[in-house]
Each structure stands twice: as C-alpha cells, then as structure tokens.
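# Coordinates in review
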Amino acid sequence: QVRLVESGGGLVQPGGSLRLSCAASGIIFSSYAAGWYRQVPGKQRELVAGISAGGSRNYADSVKGRFTIFRDNAKNEVNLQMNNLKPEDTAVYYCNVRWGTNWGRLDANGYWGQGTQVTVSS
C-alpha cells in the first residue's frame, strides 16, 4: 500500500532552518508530482511548494527565496529546505504526491502524509 512518511519537523527559533523529508513507498514515485502543504488551526490547508515529475517548481509567495523544494527519485523522497524561518511559518506540514500539478486542489488524485509539526518561536 501507499505510504508517505514525513520527518524533520520540530521547534526552531526565528531565523533558523529546518529540512523536512517525505519518504514514499508503494508507488512509482518518479511518475508523480510531489509537494508540501501546511495548515494551522482555523485555516484551510495551503500549498507551500510543489515540484512536478519533470522538476518544475511552484512556491507560495510567502516562502519564495526562503524555502526550496527538491526531490530525489532514487530515494523516493521529496524534501523541503526551510531557511530564515518566521513565526508565521508555524504549522503542521503535510507531504502530498499526486497525478498532476493543479496545486490548488486539495482533493486531487493522490496521497497525503500524516503531517509533521513545525514551530517557530523564541
């Protein structure tokens, strides 16, 4: 069965960095687009960054220049390097793999990880 396992979340001070990883199994990972979404209480889940099967990237305006998404198909992983973190980045971050790159759709044909908490606070 398909599994997406996220890791790398935690507590960090403003200006710090974290790297999130998502390991996929049960799919031909290289055939799928992959991305990271985040959600805070009372708000809808929003795209942070996505990368297509061909390597095209899409970022939320709020993270451009600070976050980088990359994939390693040999390891069936998609990763998110987060630099210069801000308190407003605090959220649960979810890995997503999907057939297509319509990132605005939360109900796309694909799969979700269980989420990993990122807290940015001094």
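To start, this report covers the structure provided alongside it.

What counts and how
Residues numbered from 1 in each chain as written. Predicted model: local features only at pLDDT ≥ 70, side-chain atom pairs only at ≥ 80, totals over all residues. Heavy atoms only, no water. Helix = DSSP H or I, 4+ residues; strand = E, 2+ residues; numbered from the N terminus. Rg over C-alpha atoms; globule rule 2.2 N^0.38 Å. Buried < 20%, exposed > 50% of the residue type's maximum accessible area, 1.4 Å probe, protein only. Contact = heavy atoms within 4.5 Å. Areas by Shrake-Rupley, 256 points an atom, 1.4 Å probe, with all protein chains shown as cover. Phe/Tyr/Trp six-rings, centres within 6.5 Å; stacked < 30°, edge-to-face > 60°. Lys NZ or Arg CZ within 6 Å of the ring centre and 35° of its normal. Salt bridge = Lys/Arg side-chain N within 4 Å of Asp/Glu carboxyl O. Pairing = 2+ DSSP bridges. Axes fitted to C-alpha atoms, helices over the stretch in contact; angles between N-to-C directions.

## As for the overall build of the chain
- Counting its regular elements, the chain contains zero helices and eleven strands.
- When the elements of the chain are put in sequence order from the N terminus, they spell out β-β-β-β-β-β-β-β-β-β-β.
- A compact globule built from 122 residues would reach a C-alpha radius of gyration of about 14 Å, and the chain, at 13 Å, matches this within 12%.
- In terms of overall dimensions, the chain has C-alpha extents of about 40 × 30 × 25 Å along its principal axes.
- Residues counted as buried form 42% of the 122 residues belonging to the chain.
- Contacts in the chain between residues at least 24 apart in sequence constitute 58% of all its contacts with a sequence separation of at least 6.
- By element, 44% of the accessible surface of the chain is carried by carbon and sulfur atoms, the whole surface being about 6,300 Å².

## What about the packing of aromatic side chains?
- Going through the model one piece at a time under the given rule, you end up with four aromatic pairs.
- On the basis of an interplanar angle of 80° and a centroid distance of 5.5 Å, the ring pair of Y32 and W99 is categorised as edge-to-face. With a gap of 67 residues between them, Y32 in the loop between strand 3 (18-25) and strand 4 (33-39) and W99 in the loop between strand 9 (91-98) and strand 10 (110-112) connect regions that are remote in the sequence.
- Members of the aromatic cluster, joined through ring pairs, are Y32, W99 and Y111.
- Directly above the aromatic system of F29 lies the positively charged group of R71, at a separation of 4.5 Å from the ring centroid.

## Looking at the pattern of salt bridges
- Evaluation of the coordinates by the stated rule reveals five salt bridges.
- Across the salt bridge formed by D89 and R38, the nearest N and O atoms sit 2.9 Å from each other. In this pair, D89 is assigned in the loop between strand 8 (77-82) and strand 9 and R38 in strand 4, connecting sequence segments 51 residues apart. Judged on exposure class, the residue D89 and its partner R38 are both buried.
- Each of R38, E46, R66 and D89 takes part in one network of salt bridges that share partners.

## With respect to the sheet that holds strand 8
- The antiparallel open sheet is built from four strands, whose spatial order is 1-3-8-7. The open sheet is flanked by strand 1 (3-7) and strand 7 (67-72), the only strands paired with a single partner. Adjacent strand axes in the sheet meet at a mean angle of 15° when their direction is disregarded.

## Observations regarding the environment of V97
- For V97, the location among the structural elements is in strand 9.
- Each C-alpha atom of the pair V97 and Q1 lies 14 Å from the other, and the pair is 96 residues apart in sequence.
- Among all residues touching V97, those that are not within four sequence positions of it are L4, I27, F29, Y32, A33, A34, G110 and Y111.

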